[in-house]
Every structure is written in C-alpha cells, then in structure tokens.
Amino acid sequence: MYIQYRQAKRRLCVCLFSLKSPHKTNKMSEIGSEDMDEEQGPYLGEYEGGRNENDERHGKGKATLPNGDTYEGMYDCGKRHGQGVYRFKNGARYIGEYIKNKKHGQGTFIYPDGSKYEGSWVDDQRCGFGKYTYVNGDSYEGDWNNHVRHGRGTYTYNATGTKYVGRWQNGKREGHGELIHANHKYVGVFRDDKPSGKGKYVFDIGCEQHGEYIGVEGDKEDKGEDEEPSTNIIPKWKAGQVTAIHLQTEEEVDDTNENKEGETTEGEQQEQTGETQGEQQQAGETQGEQEKSETQGEEKTENQEETTDEQKTEEAEKPAEGEQTGETQEEGNQEQSEEPTQEESGGNQEQAETEEQAE
C-alpha cells in the first residue's frame, strides 16, 4: 500500500507540473476555413442541358462559367437549384444541395489545402450540425452558425489527442466545458476562449484538485502601425484543495462489484415484480369485467323470466274473467226469463178464478 501511495503521489506531481500553461499547447487550427466565391452573375459561357420555355437553364445541365469554374447538376429557372457539383478552378469543390444559387441543405466542401467540411448549410453559410477536418489534422464536430463554431461541440487536437467538449460562441470556447487530456481533465468555465474562474482538475488516479484561473496581464500584443497594442490577459491557475487519495483494495473492488450485481438483481426483481403486479391487476380487471357482464346477463335473464311469467299469468287469468262474465250474463238471462213466467202464471190463475165465479 505504501509503494502504491508513493507512485500515485509521484504521478500527481507530474500532472500538476504539466498544468502550468495548458492553453499554449492547445492552439486551434483555422487553416483552410476560408470559402471560395462562386460565380453569382449572369450565366455566360458554355452550357449543355435542359431549358424551359423562357430559354432559361432548367433541369439537369452542365456549365463552364466565365471565371473558369464548372457546375454540373440541377437548375431551376436559370439558377442552381437541387443536387449538384461545383468545381473551382483552384481545385476546391462543393458536392451537395443548392437553393437559388446558394449552398443550402446537406453538402461537403473540400478546400484546396485538403481541409473538409461535411454538414448543414444555410444561405451559403455553415449552419447547423457539421464536422470540419482541418489541414493539421484537428477536427471539430458540433453546431455551427454564420460560418463559425457556435453552440455545443467537440474539438479534437490532433497533435496531443486533447479534446474540448462544451459550449461555443462565435468561434470561441464560452461557457461550461471540459478540456480532456491523456491522464486528467479540467472541468470549469471558459471566457473568451480561455479558462476563467473556479474549476477543478480530475486525475485518473482518483483525486481532484480544486482551484481557480485568475487573469494575469502579460505582454501587449502588437497589431500593427495603425492600431494600438492590446493588453494580453493570460490565465494563471491558483491551486486549492486536493482531495484525499484512496486506493481501493481487492476486497473493496470485489465488494463494489457485488453491490453493483446486487443492485442490478434487485432492479430486475423489482421490474419483474412490477410486471407481475401489472399482469395480476389486468387479470383482476378482466375477471371483474367478466363477472360484471355475467351478473348483468343473469339479471337480464331473471327480469325476462319474471316478465314472461307475469304475461302468462295475465293471459291465464283473462279467460277466467271471461267465463265469469259469461256466467253472470247467463244468470241474468235466466232471471229475466223467470220473471215473465211468474207474471204469466199469475194472470192465468186470475182468469181461471174469474171464469169459475161466472159459472
């Protein structure tokens, strides 16, 4: 353990010594970033291809422009419009999309020195997401606006392998970012393309050094006879607290791995339990719906049976009522028939008595 501690301490000293002037070894390349001007005037010279009713270049065609450039691709009403290839006489070329004579859409621009941009274009400018490979081997991949790095992106320094990952503004590092080296990285804020303010260095041996960058006035930059020399501000690292070095033993590494496996297993069990509960809940809901539908069906059946029985009872009672009504009518008829008979019999008796008295 003591030997490992000594080795780690030695590596930390070497890393801290290499941080004295980190910005000097990370100069970005701007070589090859200039653009070639395309022919924008009237289309004179040679042309082979389609034309419209107004005798304008329209459809697919090939043209040799007065300045020596050539274009082969799609035209619309006399202007480059659609997919095409524009070759400059100095060796540069653009392969991509055009809208009304301007690079617009996805395209690749290869410069005379061999540098290359692949990505999005808007109104003849690099705009959107794209990758630029510089002539010295550096590369930038990220957001662009008005031809410069703007937004979030990653710049890789070919000579050292260092990477900057973070925010950009008008071609300069601005805002939060990380400068990643071979065995350590700086995490902090950048202002005007330089580290500024509080930040920290994170080393691969497991320790961190906190501190801040303070601007120190350096030699003035001479810009020429017409302009006054400007003040050169150099960022200087003011070291702060270093976190304690802790080297894990084999047992601690094993425990960490077991804990990770245990967390993974528990997570899987929780997921499985959650899925099982969800399935059970769905099954319970399905059963509840089935039982509810069965109950409703039984209630409907019972209601139908009760209705049918009532109808049958009513139908059965109707004839009985008819019979009673018929019997009642018959009894009335009999009474009516009996009453005249008694009167008749009484009249006959009176006649018989009268006749007897007369005799």
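Looking at an unreviewed UniProt entry, one finds the protein chain named Radial spoke head 1 homolog and attributed to Tegillarca granosa.

**A few points about the overall build of the protein chain**
Scanning the protein chain from terminus to terminus reveals two helices and 16 strands. The buried share of the protein chain, taken over its 359 residues, is 25%. Pairs at least 24 residues apart make up 24% of the contacts formed inside the protein chain by residues separated by at least 6 positions. A total of about 24,600 Å² of accessible surface is found on the protein chain, and carbon and sulfur atoms cover 44% of it.

**Quick word on unusual backbone geometry**
Unlike most non-glycine residues, Asp 124 shows phi in positive territory, near 70 degrees. For Asp 192, which is not a glycine, the phi torsion comes out positive at approximately 55 degrees. Looking at where Asp 192 falls in the secondary structure, it is placed in the loop between strand 13 (184-191) and strand 14 (194-203).

**Focus on the packing of aromatic side chains**
Here the structure, examined in full by the defined rule, presents 29 aromatic pairs. The interplanar angle of 90 degrees and the centroid separation of 5.2 Å between the aromatic rings of Tyr 117 and Trp 121 together place this pair among those described as edge-to-face. Accessibility classification places Tyr 117 together with Trp 121 in one group, the buried group. Look at Tyr 186 and Tyr 213: their rings are 5.4 Å apart centre to centre, the planes differ by 85 degrees, and that puts the pair in the edge-to-face class. Remark: Tyr 213 occurs in strand 15 (residues 208-217) and Tyr 186 occurs in strand 13; sequence separation between them is 27 residues. Given a relative accessible area of 6%, Tyr 213 falls into the buried group. We note Arg 126 situated over the ring of Tyr 117; from NZ or CZ to the ring centre the distance is 5.7 Å.

**Structural notes on the side chain of Arg 149**
If you trace the backbone, Arg 149 turns up in strand 10 (residues 148-156). One polar contact links Arg 149 to Tyr 134, side chain to side chain, over a distance of 2.5 Å. Those residues in contact with Arg 149 that lie beyond four places of it in its chain are Met 28, Glu 30, Tyr 134, Tyr 140, Asp 143, Trp 144, Tyr 155, Trp 168, Gln 169, Asn 170, Gly 171 and Lys 172.

Conventions used here
- Residues numbered from 1 in each chain as written.
- Predicted model: local features only at pLDDT ≥ 70, side-chain atom pairs only at ≥ 80, totals over all residues.
- Heavy atoms only, no water.
- Helix = DSSP H or I, 4+ residues; strand = E, 2+ residues; numbered from the N terminus.
- Buried < 20%, exposed > 50% of the residue type's maximum accessible area, 1.4 Å probe, protein only.
- Contact = heavy atoms within 4.5 Å.
- Areas by Shrake-Rupley, 256 points an atom, 1.4 Å probe, with all protein chains shown as cover.
- Phe/Tyr/Trp six-rings, centres within 6.5 Å; stacked < 30°, edge-to-face > 60°.
- Lys NZ or Arg CZ within 6 Å of the ring centre and 35° of its normal.
- Polar contact = N/O pair within 3.5 Å; in protein donor to acceptor, adjacent residues only side chain to side chain.

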